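So you can see what is in the structure, the chains are spelled out below.
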Amino acid sequence: MPGFVGFCEGEYGKSQLLFILDGILINASIILTTGVFLSGYIVLIDASDLLAGILNNANVWGSIIALSSFLIYERMEKRKNLLLAFSLVSRLMVCSIILLPLISNNRSFIIVSATIMIVLGNILWSFYGIGANVWVTSIVSQDKRNEFIFLRTLWLRISFTSVSIIAGFVLDWFHKGYTGFLVIYISALVFAITDAAVLWNIKEPPNPVSKSVALDAHLFFEPFKNRKYKSFLSFIFLFYLGLTLSNSFTPIYLIRYLKLDYGFITSVNVIMYLLMILSTRVWSRIESRKGLQFVIKVSVLFVVSEVLVYSFLTNDTYFLLFLAPVLSGIGYGGFNIAVFTYRYEIMPEGNKTIYEGWFGAVYGLSVFIAPVVGNFIMKMLPEISNPIYQHSSFQLLYLISFILSGTIVLSMLYRNEKL
């Protein structure tokens, strides 16, 4: 693979290469069962906007329960087999929601069953994610870790960009009907099974075992005694709460209300993905010169700006969809990776699973609350009908979201205390 020179050496060189292949496969699987493809299926089975908003974030807020994973992982010297089980069962449950209409014609049964399967599947995925992140970082030396993460992220973005646009046109080819979703979700399952075979061949370094690990308050709340990490968690909670108020409803807004074709939506998203890919190496170079905190503070400005653009998006201004992904692509190209690498930089070498667990829990709680609060706000907003506000409840929510998340970003940029 281009760009991998310098990594495929030493005891874990092959495993590092396989983890890049893992990123390519598993992200292809995930992209086909989240975002526009999950929201499209929710529209197909005629479920509510609120349910769509909540389930769109299930892969994130499922990590609230996974906070307890350190009780399992810290007792295990080898975690690989358990992680494989979590990954396979999780993806099987989420991908299998496509089979529910073949089992029953009862709408309530399909919606309730799909909700349960998505929630349980994503909780298991969160258990996997915490252990997998520690696994990935454990096979790369500290001095090469940031470079490896940027490289792996580059390849997985190439993966889900390609898969996403193809899947969008597949759905339109099948007239947005059930057959198209069946093809998409079965493909996602095939990617997941192939990924499990790749993971099976990756080495796992032995983990320090603590047989005395228990739900000890001192150990459990250790991340909150780390000043930098506590400040980081506060920012993550507040920022994603403000941002996700609105963007958790974006796929449903584009599909159900603006009635845009899947091919068009995914083609526009490709702009974001391509800019994420192209900006990855740029942000990597900026990080090497200016540091991770600088990347976070600059990239987050682009991320917030995307929400403002959506506040003016209607059927008459659909061309704004070409501006929004430019901003988000550049922003997330640096922000996502910088947040990942920064938190591993400020956490200690020991007890990483509890630190990673708290990150997932705080992030998950934020994006779980956000669509519920966002739905409540939309019901309270006045109905406005004019050329600018054609779907005012959604558009005004985007504006509120921009103001809240923007305020949080400004407070981060101008406060004396570092993140």
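Model, not experiment: these values are computed from the prediction.

K.L.:
I tried to follow the packing of aromatic side chains on my own but got confused; where do I start?
P.N.:
Where two aromatic rings form a pair, the distance of their centres and the angle of their planes describe that pair. The final tally for this structure, using the stated rule, is 28 aromatic pairs. Pairing Y41 with Y185 gives two aromatic rings, centres 5.8 Å apart and planes at 45°, and the pair type is tilted. Placement of Y41 in helix α2 (residues 35–44) and of Y185 in helix α10 (residues 178–200) is noted, with a sequence separation of 144 residues between them. We note that Y41, like Y185, is buried. Considering the side-chain rings of F224 and W358, the 4.7 Å spacing of their centres and the 85° angle between planes classify their relative orientation as edge-to-face. Note that F224 is positioned in the loop between α11 (217–220) and α12 (227–247) and W358 in helix α17 (residues 352–380), a separation of 134 residues in sequence. Ring pairing ties together the aromatic residues Y229, F232, F235, F239, Y240, F335, Y342, Y355, F359 and Y363, which thus form one cluster.

K.L.:
Quick question: what am I supposed to make of the packing of helix α16 (residues 324–346) against α17 here?
P.N.:
Helix-helix packing is described using two parameters, namely the angle between the two axes and the distance between the axes. Running from N to C, α16 and α17 point in directions that differ by 140°, and their axes come no closer than 11 Å. By the angle class used here, α16 and α17 are oblique. For the element pair α16 and α17, the recorded crossing hand is right-handed. Seen from α16, the contacting residues are V339, R343 and Y344; seen from α17, they are K352, E356 and F359.

K.L.:
What am I meant to see in the environment of Y363 here?
P.N.:
Mapped onto the elements of the fold, Y363 is located in helix α17. When the C-alpha positions of Y363 and G62 are compared, they lie 9.9 Å apart, and in sequence the two are 301 residues distant.

K.L.:
What should I look at first to understand the environment of L399 in this one?
P.N.:
As for its position among the elements, L399 is in helix α18 (residues 392–414). Overall, the relative accessible area of 26% leaves L399 in the partly exposed class. With 88 residues separating them in the primary sequence, L399 and S311 have C-alpha atoms 5.5 Å apart. Discounting residues that sit within four places of it in the chain, L399 has contacts with L308, S311 and Y389.

The rules behind each value
Residues numbered from 1 in each chain as written. Predicted model: local features only at pLDDT ≥ 70, side-chain atom pairs only at ≥ 80, totals over all residues. Heavy atoms only, no water. Phe/Tyr/Trp six-rings, centres within 6.5 Å; stacked < 30°, edge-to-face > 60°. Helix = DSSP H or I, 4+ residues; strand = E, 2+ residues; numbered from the N terminus. Buried < 20%, exposed > 50% of the residue type's maximum accessible area, 1.4 Å probe, protein only. Axes fitted to C-alpha atoms, helices over the stretch in contact; angles between N-to-C directions. Parallel < 35°, antiparallel > 145°, perpendicular 65-115°, else oblique. Left-handed = near helix turned anticlockwise from the far one by under 90°. Contact = heavy atoms within 4.5 Å.

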